[in-house]
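# Chains, contacts and geometry: an overview
So you can see what is in the structure, the chains are spelled out below.
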Amino acid sequence: MKDEIKETFCMPNIVEQFGKYINKITPEHPERARALLLASYRAYGLKLRLAPTRELPPSRQFSAQYVNKTVQTMLSHPERAALVSVLMPCELLETMSVTPMCAELYSCFINGAYAESAFAEAAEAEGIAESYCSYHKILLGSAYAGVLPAPKFIVNTSLVCDANNLTFRELADYYGIPQFYVDVPPEQSEDCVAYVANELRELKDFLEEHTGKKLDESLLKETVARSQKTIHYSGSARKKRVAGRCQTMSHRNCMRFICRTMLWARRKLTGMRMSC
């Protein structure tokens, strides 16, 4: 009897039951589903601040809090957020006080809550193929179901996969919001670099128009310098990892870590099989 009670109230089961409830109420009560998801992320955000996982180094504790806060902003204050693709350079957005919300990040949090089924079904009901990228299918389904509120605008690039060229255009039309598209040429050359640089200058004009703010170039320089420093340290860490002097997260473990950053730190990325 004690074992049954323990099994019923262990964290993975609680999260799974929570996800089942979200899947159940989403079709008829999407606003309630959104409120419950937001409340769960806020609760876990409080846990991250007051009782972080001691096994994690400070850098990963900071990352956990940052991504948790990002998802909260998307659900609670979408007017402060922009939906972005996974490799979008976001320094301009950060400088303009716009929270960049990565599509894959949002879908990982939904999957981490065991709540992806309702959104996948909502997307497929609108004609999205079963074989479509699961991250983007969950994102689209969240919009169609009425759980994901419209962001201020969308900013995405042509990089990585064909879904980037379809999902964000569809969502911009669905929400009726502005979209800025950064077309990145497939080859590397001085002309291509100049082409993308000019697009980013146009992005600056786009952000000023739709935020009503002027870009602080000194703050942008600080933000870019911090990004370059981060890239430098990341490269240095990878070299040390190859040399066997330290361990860092693999891509798979990184995605699992993101998914655990909700509710009570789910142990493994399970539930719906994610495809891309």
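Note that the coordinates shown come from a computational prediction; the quantities given were computed from them, not determined experimentally.

### Thoughts on the packing of helix H3 (residues 30-50) against helix H4 (residues 58-76)
- Two elements in contact, H3 and H4, have axes whose closest approach is 10 Å; the angle formed by their N-to-C orientations is 155 degrees. Taken as axis vectors, H3 and H4 run roughly antiparallel relative to one another. For H3 against H4, the interelement crossing comes out left-handed. Seen from H3, the contacting residues are Arg34, Leu37, Leu38, Tyr41, Arg42, Tyr44, Gly45, Leu48 and Arg49; seen from H4, they are Ala64, Gln65, Asn68, Val71, Gln72, Leu75 and Ser76.
- Here the contact of H3 with H4 is composed, by residue class, of eight nonpolar, five polar and three charged.

### Details of a nonpolar patch on the surface
- On the surface, Val86, Leu87 and Val160 cluster together into a nonpolar patch covering about 270 Å² of accessible area.
- Looking at the secondary structure, you find Val160 in the loop between strand S3 (153-157) and helix H9 (163-175).

### With respect to H9
- End to end, H9 covers 18 Å across 13 residues, agreeing with the expected 18 Å (1.5 Å per residue, within 8%).
- Within the span of H9, buried status applies to Ala163, Asn164, Thr167, Phe168, Leu171, Ala172 and Tyr175. Buried residues along H9 cover an arc of 140 degrees about the axis, so they all sit on one side.
- Those residues of H9 that are buried lie in contact with strand S1 (81-84), helix H6 (103-112), helix H8 (134-145), S3 and strand S4 (179-182).
- After H9 finishes, the residue Gly176 shows a positive phi value of roughly 70 degrees.

### Notes on the nonpolar core
- Among the nonpolar cores identified, the biggest contains 64 residues, and Leu37, Leu93 and Val155 are the most heavily contacted of them.
- A total of seven residues in this core trace back to one element, the largest contributor, which is H8.
- When sequence neighbours within four positions are dropped, the list of residues in contact with Val155 reads Leu83, Val84, Ser85, Met88, Leu93, Phe180, Leu203 and Phe206.

Definitions and limits used
Residues numbered from 1 in each chain as written. Predicted model: local features only at pLDDT ≥ 70, side-chain atom pairs only at ≥ 80, totals over all residues. Heavy atoms only, no water. Axes fitted to C-alpha atoms, helices over the stretch in contact; angles between N-to-C directions. Helix = DSSP H or I, 4+ residues; strand = E, 2+ residues; numbered from the N terminus. Parallel < 35°, antiparallel > 145°, perpendicular 65-115°, else oblique. Left-handed = near helix turned anticlockwise from the far one by under 90°. Contact = heavy atoms within 4.5 Å. Nonpolar A, V, L, I, M, F, W, Y, C, P; charged D, E, K, R; others polar. Patch = residues over 30% accessible without salt bridge, like charges linked within 9 Å, V, L, I, M, F, W, Y side chains within 5 Å. Areas by Shrake-Rupley, 256 points an atom, 1.4 Å probe, with all protein chains shown as cover. Salt bridge = Lys/Arg side-chain N within 4 Å of Asp/Glu carboxyl O. Expected span 1.5 Å × (residues − 1). Buried < 20%, exposed > 50% of the residue type's maximum accessible area, 1.4 Å probe, protein only. Arc of directions from axis to C-beta. Core = buried A, V, L, I, M, F, W, Y, C linked by side-chain atoms within 4.5 Å.

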